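# Analysis of the macromolecular model
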Amino acid sequence: KAGVTQTPRYLIKTRGQQVTLSCSPISGHRSVSWYQQTPGQGLQFLFEYFSETQRNKGNFPGRFSGRQFSNSRSEMNVSTLELGDSALYLCASSAGTSGTNYYNEQFFGPGTRLTVL
Amino acid sequence: KQEVTQIPAALSVPEGENLVLNCSFTDSAIYNLQWFRQDPGKGLTSLLLIQSSQREQTSGRLNASLDKSSGRSTLYIAASQPGDSATYLCAAPDLSGGYQKVTFGIGTKLQVIP
């Protein structure tokens with residue numbers, strides 16, 4: 001089975017621009033979660049999608065948004081980039097069929113390294 | 001809200017040594033917990049998902065245990081090798097946080113010296 005893929009792997013943008021990152025989950029997985037990883041904050045949860053619906057959202061400003069398509073592929077978008085948005089953005093896929101009280105094993109992609117100048 | 005602590009933050013050991021990485025969590029109502037490794041600049045690789053009913057889970061030289069009553073999980077690495085050098089993260093579900101919400105520890109950075 002192919003793993004989780006993320007594109008692009010590296011991005012350099014300037015402040016004020018917007019960016020779109022893509023994630024293709026493991027075949028058959030319907031849940032995709034996005035995380036931001038920085039040296040100072042560690043791994044921070046952005047949002048989770050299941051069957052094209054956002055089921056959960058972390059504590060990030062509205063500049064961060066996402067969506068999921070019918071084939072479970074997901075995109076996240078960051079508008080009006082700030083220097084502090086420089087980070088490794090990771091997506092994770094899981095079967096995600098259980099309720100809120102059960103965590104389904106996650107598998108991560110290689111990440112997209114975003115640098116904002 | 002789930003809080004996760006990993007001790008030590010960094011560890012350096014000679015090759016061949018057995019070692020234990022610790023993970024503490026505050027909400028013990030969890031059903032499972034996942035361990036990952038991360039190589040520099042890379043994504044996370046899933047090592048083990050341990051269920052609370054299992055108490056222990058093994059994969060090769062790795063063995064993870066989960067003690068909900070004490071709020072602790074340990075990852076045991078036998079006969080360490082230089083290729084084990086990486087950051088090890090544990091992730092505990094945040095049951096009050098909604099779907100697939102987990103809290104990660106800051107990780108233990110392991111260096112195995114040849």
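Now for a look at the structure at hand. (Residues numbered from 1 in each chain as written. Chains lettered and ligands numbered in written order. Predicted model: local features only at pLDDT ≥ 70, side-chain atom pairs only at ≥ 80, totals over all residues. Heavy atoms only, no water.)

A separate point is the environment of P14(B). Residues and elements named next belong to chain B. Its place among the elements puts P14 in strand 2 (residues 10-14). As a C-alpha pair, P14 and P114 span 100 residues in sequence and 6.3 Å in three-dimensional space. Sequence-distant contacts of P14, defined by excluding residues within four places in its chain, comprise S80, V112 and I113. (Helix = DSSP H or I, 4+ residues; strand = E, 2+ residues; numbered from the N terminus. Contact = heavy atoms within 4.5 Å.)

Before going further, it helps to spend a moment on the sheet that holds strand 8 (residues 74-78) of chain A. Residues and elements named next belong to chain A. With antiparallel pairing, the four strands of this open sheet are ordered in space as 1-3-8-7. Of all the strands in the sheet, just strand 1 (5-7) and strand 7 (64-68) have a single pairing partner and so form its edges. Pairwise comparison of adjacent strand axes, ignoring direction, gives a mean angle of 20 degrees for this sheet. Here strand 7 pairs with strand 8 via five bridges, running antiparallel. Across the sheet, the residue bridging to G66 is M76, located in strand 8. (Pairing = 2+ DSSP bridges. Axes fitted to C-alpha atoms, helices over the stretch in contact; angles between N-to-C directions.)

Across all of its chains, the model carries two disulfides over all chains by this definition. Here C23(A) is linked by a disulfide to C91(A), with a sulfur-sulfur distance of 1.8 Å. Taking the torsion about the sulfur-sulfur bond, which here is approximately 65 degrees, the covalent link between C23(A) and C91(A) counts as right-handed. One end of the pair, C23(A), is in strand 3 (residues 19-24); the other, C91(A), is in strand 9 (residues 87-94), and 68 residues separate them in sequence. Like C23(A), the residue C91(A) is buried in the burial classification. Each disulfide pairs two cysteine sulfurs, and for C23(B) the partner residue is C90(B), the sulfurs being separated by 2.0 Å. Between C23(B) and C90(B), the S-S torsion sits near 70 degrees, and that sign places the bridge as right-handed. With C23(B) in strand 3 (residues 19-25) and C90(B) in strand 9 (residues 86-93), the pair connects residues that are 67 residues apart, well separated along the chain. (Disulfide = S-S within 2.5 Å. Buried < 20%, exposed > 50% of the residue type's maximum accessible area, 1.4 Å probe, protein only.)

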